[in-house]
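# Coordinate analysis (summary)
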Amino acid sequence: MLSIDKNQVDIEFEKIKNFEKEKLQLLSSINENYMIVDKLKDDCLKVTEAEKNQKEIKDLYDEIGRLVIVKGKIINEKNNLKKYLEKIINGFFYKDLINKIYSKIDPHPDYSEIEFKCDFADKNPRLQIYTVKYVGGIRVESIPSLYFSTAQINILSLSIFLARALKTKNQQSGKFVDCIFIDDPIQSMDTINILSFIDLFRSMVLFLGKQLIVSTHEENFHLLLQKKIPVELFNSKYIEFETFGKLKKTI
């Protein structure tokens, strides 16, 4: 029978125990190192991500800076274009002359001036006509269709037409066209406006040397023209039709 020395067994057991303990300590150390590496890895990823985000933020700020510069240039260009168009429009419609004609007729007690403006508020720009009044020294612009009667809008339209007609030139000779045709200009006007228009027509004939050919179905307007621009004082002529295409005989 094999005898076992208890001391020897204790020694061997102690060796195994120490070995396993050292092994456990080694594994524990390896695990700690792994956790440290894993944490460092996460920190490195965060740093890398932060650097990436910082770069993207910097790129965005740079892009915003470029867009702000471009926006400023576009706004400046838009304002310059608006001023240029307003200059061209005022030159085309002869705004100063329109306002002079308009003031002669004086159709509205408050709105005494006409203004042309380019409206860029919508994606489709348009030309807008405003009437202007001054309240306590403050300039107020309004759209004529909102405040004007039919007669007042008609007067405004005629003012624009007459200004263009007075400045129209013959394309071949370059000289002003001295003959203006006007069809039924006094629709819905009151007597004061009609008399003002006749005075304006008389001034155009006397001082500008224009020939006016005016047609109307209003007999009173026809009679007023004869009274204020008589044949014996002006080189004028009046024709009346009995029916369509048939002249009325004069005595």
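A brief structural summary.

Conventions and cut-offs
- Residues numbered from 1 in each chain as written.
- Predicted model: local features only at pLDDT ≥ 70, side-chain atom pairs only at ≥ 80, totals over all residues.
- Heavy atoms only, no water.
- Helix = DSSP H or I, 4+ residues; strand = E, 2+ residues; numbered from the N terminus.
- Rg over C-alpha atoms; globule rule 2.2 N^0.38 Å.
- Buried < 20%, exposed > 50% of the residue type's maximum accessible area, 1.4 Å probe, protein only.
- Patch = residues over 30% accessible without salt bridge, like charges linked within 9 Å, V, L, I, M, F, W, Y side chains within 5 Å.
- Areas by Shrake-Rupley, 256 points an atom, 1.4 Å probe, with all protein chains shown as cover.
- Salt bridge = Lys/Arg side-chain N within 4 Å of Asp/Glu carboxyl O.
- Expected span 1.5 Å × (residues − 1).
- Core = buried A, V, L, I, M, F, W, Y, C linked by side-chain atoms within 4.5 Å.
- Contact = heavy atoms within 4.5 Å.
- Axes fitted to C-alpha atoms, helices over the stretch in contact; angles between N-to-C directions.
- Parallel < 35°, antiparallel > 145°, perpendicular 65-115°, else oblique.
- Left-handed = near helix turned anticlockwise from the far one by under 90°.
- Nonpolar A, V, L, I, M, F, W, Y, C, P; charged D, E, K, R; others polar.
- Polar contact = N/O pair within 3.5 Å; in protein donor to acceptor, adjacent residues only side chain to side chain.
- Pairing = 2+ DSSP bridges.

When helices and strands are tallied, the protein shows six helices and seven strands. Ordered by position from the N terminus, the helices and strands of the protein form the series α-α-β-β-β-α-α-β-α-β-α-β-β. Its C-alpha atoms give the protein a radius of gyration of 47 Å, more than 25% over the compact-globule value 18 Å for 251 residues. Its C-alpha atoms put the protein at 175 × 45 × 35 Å along the principal axes. Counting over 251 residues, the protein shows a buried share of 23%.

What follows covers a nonpolar patch on the surface. Together, Ile57, Tyr61, Ile64 and Val68 line one region of the surface with nonpolar side chains, adding up to about 410 Å² of accessible area. Mapped onto the elements, Val68 comes out in helix 1 (residues 6–93).

Let's shift gears to helix 1. Counted at 1.5 Å a residue, the expected span for helix 1 with its 88 residues is 130 Å, and the 126 Å between its end C-alpha atoms agrees. Count one or two residues on from helix 1 and you reach Tyr94, which has phi positive near 55°.

With 34 residues, the main nonpolar core has Leu162, Phe197, Phe201 and Met204 as its most contacted residues. Taken together, the elements giving at least two residues each to this core come down to helix 1, helix 2 (95–105), strand 1 (113–119), helix 4 (150–167), strand 4 (179–183), helix 5 (191–208) and helix 6 (219–228). Apart from the residues lying within four places of it in its own chain, the contact partners of Met204 are Leu162, Leu166, Ile180, Gly209, Lys210 and Leu212.

Before going further, it helps to spend a moment on the packing of helix 5 against helix 6. When two helices pack together, their arrangement is given by the angle between the helix axes and the distance between those axes. For the pair helix 5 and helix 6, interaxial distance at closest approach is 10 Å and the crossing angle is 45°. As far as their axial angle goes, helix 6 and helix 5 are oblique. Between helix 5 and helix 6 lies a crossing whose hand is right-handed. Counting all contacts with helix 5, which are made through Ile194, Leu195, Ile198, Asp199, Phe201 and Arg202, the residues of helix 6 involved are Phe221, Leu224, Leu225 and Lys228. Of the residues that constitute the contact of helix 5 with helix 6, the class distribution is seven nonpolar, no polar and three charged.

The next thing to look at is the side chain of Lys210. Among the structural elements, Lys210 can be located in the loop between helix 5 and strand 5 (211–215). In this structure Lys210 touches Leu166, Phe176, Val177, Asp178, Met204 and Val205, once residues within four positions along its chain are discounted.

In this section: the packing of helix 2 against helix 4. Direction vectors running N to C along helix 2 and helix 4 enclose 135°, while the axes themselves pass 9 Å from each other. Accordingly, the angle class assigned to the pair helix 2 and helix 4 is oblique. Crossing angle aside, the handedness with which helix 2 passes helix 4 is right-handed. Contacts between helix 2 and helix 4 involve Leu97, Ile98, Ile101, Tyr102 and Ile105 on the former and, on the latter, Ile155, Leu156, Ser159, Ile160, Leu162, Ala163, Leu166 and Lys167. Here the contact of helix 2 with helix 4 is built from residues that sort into eleven nonpolar, one polar and one charged.

Looking now at the environment of Ser142. By secondary structure assignment, the location of Ser142 is in strand 3 (residues 138–142). Once residues within four sequence positions are removed from consideration, Ser142 is found in contact with Tyr111, Ile129, Tyr130, Thr131 and Tyr147. Among the polar contacts listed, one links the side chain of Ser142 to the side chain of Tyr111, at a separation of 3.0 Å.

An order of 1-2-3 is seen for the three strands of this open sheet, with the pairing classed as antiparallel. Across the chains shown, the open sheet's two edge strands, defined by having one partner strand only, are strand 1 and strand 3. Geometrically, the sheet is characterised by an average inter-axis angle of 40° between neighbouring strands, direction not taken into account. Two elements, strand 2 (residues 126–135) and strand 3, share five bridges in a ladder whose sense is antiparallel.

Bridge count between strand 1 and strand 2: seven bridges; the pairing is antiparallel. Paired with Glu113 across the two strands is Val132, which belongs to strand 2. Hairpin connection, strand 1 to strand 2: the antiparallel pair is bridged by six residues.

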